[in-house]
Structures are given as C-alpha cells and as structure tokens.
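Summary of structural features
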Amino acid sequence: MDQGIIFDIQKYSIHDGPGIRTTIFLKGCPLNCWWCHNPESQSFNKEVLFWEDRCIGCGDCLKACPTGAIEKESNNKCILCGNCVKACSTGARELVGRRVTVSEVIKDIEKDLIFYDQSGGGATFSGGEAVSQIGFLKSLLKGCREREIHTALDTTGFCDREYLFQIADLVDLFLYDLKIMDDHKHLKYTGVSNNRILQNLRELSLCHDNIVIRIPIIPDVNDHDNDIDAMGKFIKSLLNVREVNILPYHNTGMDKYKRLNIEYLLSGATPPSKDKMEHIKKRLERFGLQVQVGG
Ligand code: SF4
Ligand code: SF4
C-alpha cells in the first residue's frame, strides 16, 4: 500500500523509544479508551476540530459550508471538504488527518538521520492503531529497514494475528500497551475485549526479544492492587519482556474532546500521585519485572 492517513508527525521525540525519534501517528483505532489523550486519532477519516476560544463569530465558515453542517452540527452533513477551514481567518477550524504516500513519510523521517545516528534513535509508528493500516505500515517499516533506521511500533495489540506477524521482523522494538486484565472492565473502558490483545502478546513474546510493555495507570479503572497483581502475574508468564513502563494518567487531551464535540467520560479523574506510582512500581517488581515510571 503506497498511501495511508496520518494525523501528525512529531519530530525530536524522546518518549517513544530510545534516543531522538520521529514519531508518525497513523489515524484510526478500533478502541476508544476513556482516557485517550488523542481522540482525533480514533476515526479512520479526516475530522474538523473547532477551537471555540479562537472563534470571533464572523460567520465566514457558515457562508463557505456547502451542506449546512455548521449550522446544525448534529445533522452529520459534513463532507470534509475543508472549505470552512480555508474560510476561517483565525484558525478556529482545523482539518485533522491527511493522506500521505510512503515516500513522503520516509523523506520526512530521513531528514533527521544525523540525530538518530548520534542518539541511537529512529522512527516510531504510533496511532491510533498503526497495524489497522497494515499495507501502509509494512511499506513504511520496509523503507526504514532498507535505510537501516531503527523502528519502534507503539501498538494496542488489538489486530489480526497474521498482520502482527507479517511485520514482527521489521520492528526493532515493540511498545505494547496492556490496559486492564479483567475482560468486562476492558470492554467497558476501551470498547473491546482483551482476549485478542493478550493472545497476540503471548505469541509475540515467543518470537520477539525486544518488547516493552506500557501500562497507563488510570485512577479507579486499573490502579487497585488486584488489577496490578493480575498484570504482574500475566507479564511474568511471558517468555520475553524486556521492561514494563507505567505511565501516569493525565488529562491534557481533555480539551480536544470539546473541540471534536465528544463527551469526555473521565472528567472527574485526577492524575495519580508520585507515591501511588511508586507503590505500583514496587508491586510489579515483586513479580521479578524490570519496571520504570514513564518511558
Ligand atoms: S468541512 Fe466542508 S462540509 Fe464540513 S463543516 Fe466544513 S465546510 Fe461544511
Ligand atoms: S470563520 Fe472562524 S472565526 Fe469566523 S465564525 Fe467561523 S470558526 Fe468562527
């Protein structure tokens, strides 16, 4: 696949694998986690974001819209033509998501070769769920491999097993998300069962020797001792896991929900304290795991 849809390319990233990296965010995800800080990553289509605080009420967007979608936001008539974005002089309307070719993305990644070489960095493919665009992702990974650029894949693990194994050899480092062990809770808070995620991780750990598991710590969702112990027990049973990163919940993406006109379901939640993170770290270490806060 020569083309795909992305919503961002972040340069000089230092939290998505070793060294200095370029992170490419592919658009579209089969999950919708309540705490997702990139809600614009979830739809597989482009979307229009509305920044209320930048709007001066001039009405230019209304005049430019061919379908009346702005007048009645609930009528689903937006055809993503982008006319309102062009008409808006204050930047209050933004089109998120763009179609790009593999060679465009590779050229962008190549611009920072010198930083990767000096820092031991490379390219990280994130999302959304990047494996959902398997053809595009595979071509990007191949492009990096041909240029000897280190690759990392940040994945939910919710994907077809064959897809995951089609690309496993092209991925130098897996950043594999583990969210909740209790399947009912997983279904409630992410929209999908965790069966496939756990099974894929089990099989991947049999054949890949560079997997880092990332656990978002979400207050009252997965931060109780029994949740942590269940994760520790499961990870311990896997063959090859290099490290576990625990990532404290933060609500920096909350405003984006407003801009997309989506309800934020975790509005009362507060980030876990340092002590709480330290407690969870120690609890996981009891399973003999290498654990780091952040990552
Ligand atoms: S993208 Fe086009 S159809 Fe959608 S709201 Fe803007 S002008 Fe209207
Ligand atoms: S064109 Fe921009 S500033 Fe004017 S009403 Fe529309 S969103 Fe607001």
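Residues numbered from 1 in each chain as written. Chains lettered and ligands numbered in written order. Predicted model: local features only at pLDDT ≥ 70, side-chain atom pairs only at ≥ 80, totals over all residues. Heavy atoms only, no water.

A few points about the sheet that holds strand E11 (residues 291-293)
- Pairing in this open sheet of nine strands is mixed, and the strands run E5-E1-E2-E6-E7-E8-E9-E10-E11 from one edge to the other. For this open sheet the edge positions go to strand E5 (98-101) and E11, each flanked by a neighbour on one side alone. Pairs of neighbouring strands in the sheet enclose a mean axial angle of 30 degrees, with direction left out of account.
- Two elements, strand E1 (residues 3-13) and strand E2 (residues 21-26), share five bridges in a ladder whose sense is antiparallel. (Pairing = 2+ DSSP bridges. Helix = DSSP H or I, 4+ residues; strand = E, 2+ residues; numbered from the N terminus. Axes fitted to C-alpha atoms, helices over the stretch in contact; angles between N-to-C directions.)

Examining the site of ligand 2
- In the region of ligand 2, the neighbouring residues are Phe50, Cys55, Ile56, Gly57, Cys58, Gly59, Asp60, Cys61, Cys88, Thr90, Ala92 and Arg93.
- Counted by class, the shell around ligand 2 contains seven nonpolar, three polar and two charged residues. (Near = heavy atom within 4 Å. Nonpolar A, V, L, I, M, F, W, Y, C, P; charged D, E, K, R; others polar.)

Concerning the domain arrangement of the chain
- Split into domains, the chain comes out as domain 1 (3-44 + 98-293) and domain 2 (47-96).
- Domain 1 and domain 2 are separated by 32 Å when their C-alpha centres are compared.
- Each side of the interface is counted separately: domain 1 has seven residues, and domain 2 has seven residues.
- Across the domain 1 to domain 2 interface the summed buried area is about 740 Å²; carbon plus sulfur atoms make up 58%.
- The largest per-residue losses of area from domain 1 upon contact with domain 2 belong to Lys27, Arg259 and Leu260, which jointly make up 61% of the total buried on that side.
- Between the two partners, domain 1 and domain 2, sit one salt bridge.
- For Lys27, the salt bridge identified is with Glu47, shortest N-O distance 2.6 Å.
- For the pair domain 1 and domain 2, the number of links is two residue pairs in polar contact (both at pLDDT 80 or more).
- Broken down by class, the residue content of the side of domain 1 that touches domain 2 amounts to two nonpolar, two polar and three charged. (Domains from an automatic or database assignment. Contact = heavy atoms within 4.5 Å. Buried area = accessible area lost by both parts, 1.4 Å probe. Salt bridge = Lys/Arg side-chain N within 4 Å of Asp/Glu carboxyl O. Polar contact = N/O pair within 3.5 Å; in protein donor to acceptor, adjacent residues only side chain to side chain.)

Topic: helix H9 (residues 225-236)
- Relative to the 16 Å expected for 12 residues at 1.5 Å per residue, H9 spans 16 Å between its end C-alpha atoms, a close match to the ideal helical length.
- If you check which residues of H9 are buried, you get Asp227, Ile228, Met231, Gly232, Phe234 and Ile235. Down the axis, H9 shows its buried residues gathered within 165 degrees of arc, on one side only. Exposed and facing more than 90 degrees away from the buried side of H9 are Asn226, Lys233 and Lys236.
- As for H9, its buried residues are in contact with helix H7 (183-190), helix H8 (195-207), strand E9 (211-217), strand E10 (243-248) and helix H11 (274-285). (Expected span 1.5 Å × (residues − 1). Buried < 20%, exposed > 50% of the residue type's maximum accessible area, 1.4 Å probe, protein only. Arc of directions from axis to C-beta.)

Section: the layout of surface pockets
- In this structure, the largest pocket spans a volume of roughly 1,100 Å³.
- If you trace the largest pocket, you find 46 residues lining it, with Phe25, His37, Asn38, Gly127 and Asp154 closest to the centre.
- Looking at the lining of the largest pocket, the elements that each hand over two or more residues are E1, strand E4 (93-96), strand E7 (150-155), E9, E10 and helix H10 (254-259).
- Here the lining of the largest pocket takes five residues from E1, the largest share from any one element.
- Class assignment for the residues of the lining of the largest pocket results in 18 nonpolar, 17 polar and 11 charged.
- When residues of the lining of the largest pocket are assigned to domains, at least three map to each of domain 1 (3-44 + 98-293) and domain 2 (47-96). (1 Å grid on protein atoms, 1.4 Å probe; cavity = no way out; pocket = protein on both sides within 12 Å on 5 of 7 lines; lining within 4 Å. Points joined across faces, edges and corners; volume = space filled by probe spheres on them.)

A short note on the nonpolar core
- Of all hydrophobic cores here, the largest spans 69 residues; its most connected members are Ile109, Phe125 and Ile215.
- Of the residues forming this core, the biggest block, six residues, is contributed by helix H5 (residues 134-146). (Core = buried A, V, L, I, M, F, W, Y, C linked by side-chain atoms within 4.5 Å.)

Overview of helix H3 (residues 102-110)
- The complete set of buried residues in H3 reads Val102, Val105, Ile106, Asp108 and Ile109. Relative to the axis of H3, the buried residues are bounded by an arc of 160 degrees and lie together on one face.

Focus on the packing of H9 against H11
- Running from N to C, H9 and H11 cross one another at 40 degrees; their axes reach a closest spacing of 9 Å. Taken together, the axes of H9 and H11 lie oblique to each other. Taken as a pair, H9 and H11 cross one another with a handedness that is right-handed. Facing H9, whose interface residues are Asp225, Ile228, Asp229 and Gly232, H11 presents His279, Ile280, Arg283 and Leu284.
- Counted by class, the contact of H9 with H11 contains three nonpolar, two polar and three charged residues. (Parallel < 35°, antiparallel > 145°, perpendicular 65-115°, else oblique. Left-handed = near helix turned anticlockwise from the far one by under 90°.)

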